[in-house]
Amino acid sequence: MRKTPVATMVDLMGGGAVIPQLVHNELDLLAVALKGLSVQALRALQQRLGFSNKEISVVLGVSESTLARREQAKRALTLDEAEKTIQLSAVLAKGLDVFEDQDDFHHWLETPNPALGGVRPKELLSSAIGREQVREILGRIEYGIYS
């Protein structure tokens, strides 16, 4: 049985060990963000994406040292950072669904894309509009529309 996109997103952020409450849909994910998503969820996602500390801090719009201090103090991400983390998990879930191979998806993220104006998809992940554009292109690839 295939997992729902939301279940995949939760798994990519560390699963039940990191997100203990039940998550059935995106509104439940919003509740997680409001309650406080741990830095651990971001680190799990970072590992799956293969991003360096610098790359993940750029995506979140927060310094590496701030993230490290928050992680050390076991403080949660801010609402904005939590929402970005959840959106990033949606991009990764979609990418893994479309490419069915983590290495192929990583290669795609690193490769300049004509459908994105010659920009590498990875470079667009630091903004909400960019993340949405990347998900849209992944949807087009999934349905065989040239991208």
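So, how was this worked out
Residues numbered from 1 in each chain as written. Predicted model: local features only at pLDDT ≥ 70, side-chain atom pairs only at ≥ 80, totals over all residues. Heavy atoms only, no water. Phe/Tyr/Trp six-rings, centres within 6.5 Å; stacked < 30°, edge-to-face > 60°. UniProt positions renumbered as here; feature names shortened; annotations may be inferred. Helix = DSSP H or I, 4+ residues; strand = E, 2+ residues; numbered from the N terminus. Patch = residues over 30% accessible without salt bridge, like charges linked within 9 Å, V, L, I, M, F, W, Y side chains within 5 Å. Areas by Shrake-Rupley, 256 points an atom, 1.4 Å probe, with all protein chains shown as cover. Salt bridge = Lys/Arg side-chain N within 4 Å of Asp/Glu carboxyl O. Lys, Arg positive; Asp, Glu negative; His and termini not counted. Charge placed at Lys NZ, Arg CZ, Asp CG, Glu CD. Buried < 20%, exposed > 50% of the residue type's maximum accessible area, 1.4 Å probe, protein only. Arc of directions from axis to C-beta. Contact = heavy atoms within 4.5 Å.

## With respect to the packing of aromatic side chains
- For the coordinates displayed, the defined rule picks out 3 aromatic pairs.
- Each ring, one from Phe99 and one from Trp108, has its centre 5.7 Å from the other, and the planes form 40°; the classification is tilted.
- Among the aromatic side chains, those forming a connected cluster through ring pairs are Phe99, Phe105 and Trp108.

## Quick notes on the UniProt feature "domain: Antitoxin Xre-like helix-turn-helix" (unreviewed entry) in the protein chain
- Mapped onto the present numbering, the UniProt feature "domain: Antitoxin Xre-like helix-turn-helix" (unreviewed entry) falls at residues 28-88.
- Here residues 28-88 runs as 75% helix and 0% strand, with 16 Å between its end C-alpha atoms.

## What to know about a negative patch on the surface
- A surface patch of like charges, here negative, comprises Glu100, Asp101, Asp103 and Asp104.
- Overall, Asp103 belongs to the exposed group, its relative accessible area being 61%.

## Some remarks on a nonpolar patch on the surface
- The grouping of Leu27, Leu30, Leu34 and Leu79 at the surface amounts to a nonpolar patch, some 390 Å² of accessible area in total.
- The topology assignment puts Leu30 in helix α2 (residues 26-35).
- A relative accessible area of 34% places Leu30 in the partly exposed class.

## Remarks on the environment of Ala115
- In this fold, Ala115 is placed in the loop between α7 (102-110) and α8 (128-142).
- The exposure class assigned to Ala115 is partly exposed, which follows from its relative accessible area of 33%.

## Re helix α4 (residues 53-60)
- Within α4, burial applies to Ile56, Ser57, Val59 and Leu60. For α4, the buried positions fall inside an angular range of 155° around the axis, keeping them on one side.
- The secondary structure elements touched by the buried residues of α4 are α3 (39-49), α5 (64-72), α6 (79-99) and α8.
- Gly61 occupies a position one or two residues after α4 and carries a positive phi of about 75°.

## A word on the pattern of salt bridges
- Going through the model one piece at a time under the given rule, you end up with 9 salt bridges.
- Between Arg43 and Glu71 there is a salt bridge whose closest N-O contact spans 3.0 Å. Within this pair, whereas Arg43 is found in helix α3, its partner Glu71 is found in helix α5, the two being separated by 28 residues in sequence.
- Across the pair Glu110 and Lys122 runs a salt bridge, and its minimum N-O distance is 2.5 Å. Highlighted residues: Glu110 in helix α7 and Lys122 in the loop between α7 and α8, separated in sequence by 12 residues.
- In this structure Glu110 comes out as partly exposed when scored by relative accessible area, which is 34%.
- A residue is classified by how much of its surface remains accessible, and Lys122, at 11% relative accessible area, is buried.
- Several salt bridges converge on common partners, so that one network encompasses Glu55, Glu110, Arg120, Lys122 and Glu123.

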